[in-house]
Amino acid sequence: MKRRNLLQGMAAAGLLPLVPGFATRALAAPGDTVRFAIAKPAGDMNPHAYKGLWGAQDLIYEPLVKYGPGGEIQPCLAASWSLSDDGKTLALELQPGVTFQDGTPWNAEAMKWNLDRWVPTGDHDWINHVRLFDHLEIKGDHSVVMHFKEAPLSLFFELSYTQPTRYLSPASVAADGSFDKAIGTGPWKLTSASDSLSAFERYEGYWGTAPGFDKLELVVLPDSRGRMAALRAGDIDVTGGDFMAPITANEATTLKDAGIAVAVHSGIAMLLGFNPDRNPALADKRVRNAISQGFDRVAIAQVLYSGLAEPAGSMFPPSVPLSGNQFAPDAHDPDAARALLDAAGWTGDGIRSKDGAALKVEFVVSNDQIAGSRSMAEVMQAQLAEIGVELTIRSVDHASRHSDIPARQYDMALFLTFGAPYEPFGTMMGYLYSPYDNGVDGKMVIDAANLDPLMEAATAASEATVQAQVQAVYDWIHAETALAPLLYTPSIWAHGPRVEGFTPPATEYDTPYDGLIIKAG
Amino acid sequence: MARRLSVTATLLGGAAIFACLFSLAMGFLGALRPHGVVDGLTRIGALIGASTPQFFLGAMLIYGFALKLGWFPTFGDNQGPRSYILPWITLGMLPGCVLSRLVRVGLEEEMTRPFALTARAKGLRRNAILFRDALPNVAPAWLTAFGAQFTAMTVGSVVVEPLFAWPGVGAMFLQGVQFRDFMVVQAGLLIFISFFILLNLAVDIAVMLFDPKLRRQGDR
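Since this is a predicted model, take the numbers as computed values, not measurements. (Residues numbered from 1 in each chain as written. Chains lettered and ligands numbered in written order. Predicted model: local features only at pLDDT ≥ 70, side-chain atom pairs only at ≥ 80, totals over all residues. Heavy atoms only, no water.)

Caption draft 1: Focus on the nonpolar core. If you look at the biggest cluster of nonpolar residues, it comprises 69 residues, and the most contacted ones within it are Leu64(A), Trp106(A), Met111(A), Met146(A) and Leu432(A). Element by element, the count of residues in this core is highest for helix H15 (residues 466-480) of chain A, at six residues. Composition of this core by domain shows at least three residues from each of domain 1 (6-187 + 496-518) and domain 2 (267-490) of chain A. The residues touching Met146(A), leaving out its near neighbours within four places in the chain, are Leu64(A), Lys88(A), Thr89(A), Leu90(A), Leu92(A), Met111(A), Leu115(A), His129(A), Phe133(A), His135(A) and Leu136(A). Counting residues in each nonpolar core, the second largest holds 48 residues, with Leu57(B), Phe72(B), Leu86(B) and Ala119(B) among its members. (Core = buried A, V, L, I, M, F, W, Y, C linked by side-chain atoms within 4.5 Å. Buried < 20%, exposed > 50% of the residue type's maximum accessible area, 1.4 Å probe, protein only. Helix = DSSP H or I, 4+ residues; strand = E, 2+ residues; numbered from the N terminus. Domains from an automatic or database assignment. Contact = heavy atoms within 4.5 Å.)

What follows is the structure, given as structure tokens:
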């Protein structure tokens, strides 16, 4: 080969990327499309598998009833209902004139087909009404009665869940019954999906109020700086939410300063979990109490959350149904914390010790799980050092967080409540009831002797007694400092100037397209 | 996977061209007037460019050219060359700056060699000697270094692809690490390693073709 030929060949190869279509991916021109930025690909669209982005599934599939603003239960695939006095039978009139996106009619048979897919598996027994389900009685084409062995608590909240209580077209599975196509009754049809983009178009046969724009795209922007820049530049229209693409308080401030509309609303609670099984020092309530009083919730809320978070004293914010009496947040009181540690036998200057062992605690945090948690851990580390506790921070990635916490490989760790509509029972069962496997989220408190009976009483209570039974759980947690509520963190959404009519979603598992329109001109 | 490979190939190919042209231009400019103002500026520029991490440079380029000036999209690879420019510069800047110093130093050395002095004595202009005679002599060393820098650029794709939301192999690799998907990580590593081997082979062949001394060793 001659040198000249080689050079020409290399130049030609170098120009290859400029050839149109050499590497492109379809992305519709803005126009009639509203673009939401998401941090991770939407993934698996099976509504019964707990995988994928739930907000994306919310676009396609619908529940029997919807969780509306403020926890109001609204009709959806069930037009009306009647619950018997003993709470064991629920008569439903199904919404007439509804078809799945493939033309299959929504009726009692379709409902039964869906229930048969998820109820008998046993995978969803953490949901009261699934565990207590007895049978479905079909009274007519659009008239059914759900029979339960016992009255399930929080029935209507559970019926509004995103997973697994959403309805899939019976024609959307493969011959072997496995999930094949994403076809629901919802207002959006999935037209294409990849690791970088999920595209939807409005389902023109939708039975309810049609969305205010034709197309919706979920664009995967993994880097938060990229999302902020794209929003400011108008390349995307909406982003945010606890699970879709979290916006930190600092980012919210920057966006506001740049003239971007930011919506902040009541979010979820951030809790500090202790693991006395791994660190015996934490078995002493006084030590847990000292740690809780050793850091400054107000300062953290002000500095790290720009005042958008609130110090928490209870497991749930007051906006959550059955959240019980609100306890006052532990105040930052280093002297009281030192006195508690003295009383517990942890003494000495600098890092305290007892029987020759230093008071060291490993704190596992994951910025992937909670944006900014590493900074918060460093603040707590400095504040706890003042009372003689050596906090070692172990910062882990998303995957390690989801393996170490269920394996109880932590002394202290941060937990987030699940948010509406999974509160309070979803969060409580997951974090507090030891027999229930909480999967990758792990357990926060394990106490089979004291806590589990309280939890069993709460979940078996009637509507008349549930408030008192749930309060008994909260009282025990508070009295024992079994966990330390830290902050009620805000849910932050932002949207660009191209769209208007934005309202934050009723739950963080919903995509907030309701009322959204593209501005004229 | 084919689509991801094509995305990463687009990114690496463009960034390599940018690094190549940028390094030659900067090195040549510096060598035109050694120790002059331009030489000093290119030296400082190269030092800054070689010291700037890609995630920072990318964010600054997005802020300046996409957000403030609106010349380029903030993410994606769907708007033709407009959407390629910032990722290419982000990925190609660091190797381009490193290579520019190599070109600059190499050219200065070549200009002290007898053939250059003879050419000057015969009345040829310095620019002509630099371009026609000295630059080809720098090529073998430049190519070898370029191969190593191209390898670094491949690793850089893990940073640049997520930043610009390009769905390539680098983004897939990072996602595999984050979610501890070992099969994906292994596949990504296999692709990177295969690419390194092929690239080094290509560089060795190219160096041999460029350098007559190496090319003729086999004839003896």
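Next comes the rest of the write-up.
Caption draft 2: Looking closely at the confidence of the model for chain A. Summarising the model, chain A shows a mean pLDDT of 89, and 94% of its residues fall at 70 or more. For residues 14-29 of chain A, every residue scores under 50 in pLDDT, and the model assigns this stretch 41 contacts once sequence neighbours within four places are set aside. (pLDDT = per-residue confidence, 0-100.)

Caption draft 3: The sheet that holds strand E7 (residues 143-148) of chain A, seen in detail. Residue and element names in this part refer to chain A. Read from one edge to the other, the open sheet built from four strands follows the order E4-E5-E7-E6, with strand pairing classed as antiparallel. Because the sheet does not close on itself, it has two edges, and the strands there are strand E4 (78-83) and strand E6 (133-140). The average angle at which neighbouring strand axes cross in this sheet is 20°, direction not considered. (Pairing = 2+ DSSP bridges. Axes fitted to C-alpha atoms, helices over the stretch in contact; angles between N-to-C directions.)

Caption draft 4: Fine view of the pattern of salt bridges. All names here are of chain A. Under the criterion given, the structure shown has 22 salt bridges over all chains. Between Glu-137 and Lys-139 there is a salt bridge whose closest N-O contact spans 3.5 Å. Among the ionic pairs, Glu-362 bridges to Arg-394, the shortest N-O distance being 3.0 Å. Separated by 32 residues along the polypeptide, Glu-362 in strand E16 (residues 360-365) and Arg-394 in strand E17 (residues 390-395) bring together distant segments of the chain. Its relative accessible area of 24% is what places Arg-394 among the partly exposed residues. Through salt bridges with shared partners, a single ionic network connects Arg-278, Glu-362, Arg-394, Asp-404 and Asp-411. (Salt bridge = Lys/Arg side-chain N within 4 Å of Asp/Glu carboxyl O.)

Caption draft 5: Main features of the environment of Tyr50(A). All names here are of chain A. Mapped onto the elements, Tyr-50 comes out in the loop between strand E1 (33-38) and helix H2 (54-60). Given a relative accessible area of 29%, Tyr-50 falls into the partly exposed group. For the pair Tyr-50 and Gln-163, spaced 113 residues apart in sequence, the C-alpha separation works out to 6.2 Å. Look past the residues within four positions of Tyr-50 in its chain and what remains in contact with it is Asp-123, His-124, Trp-126, Ile-127, Gln-163 and Pro-164.

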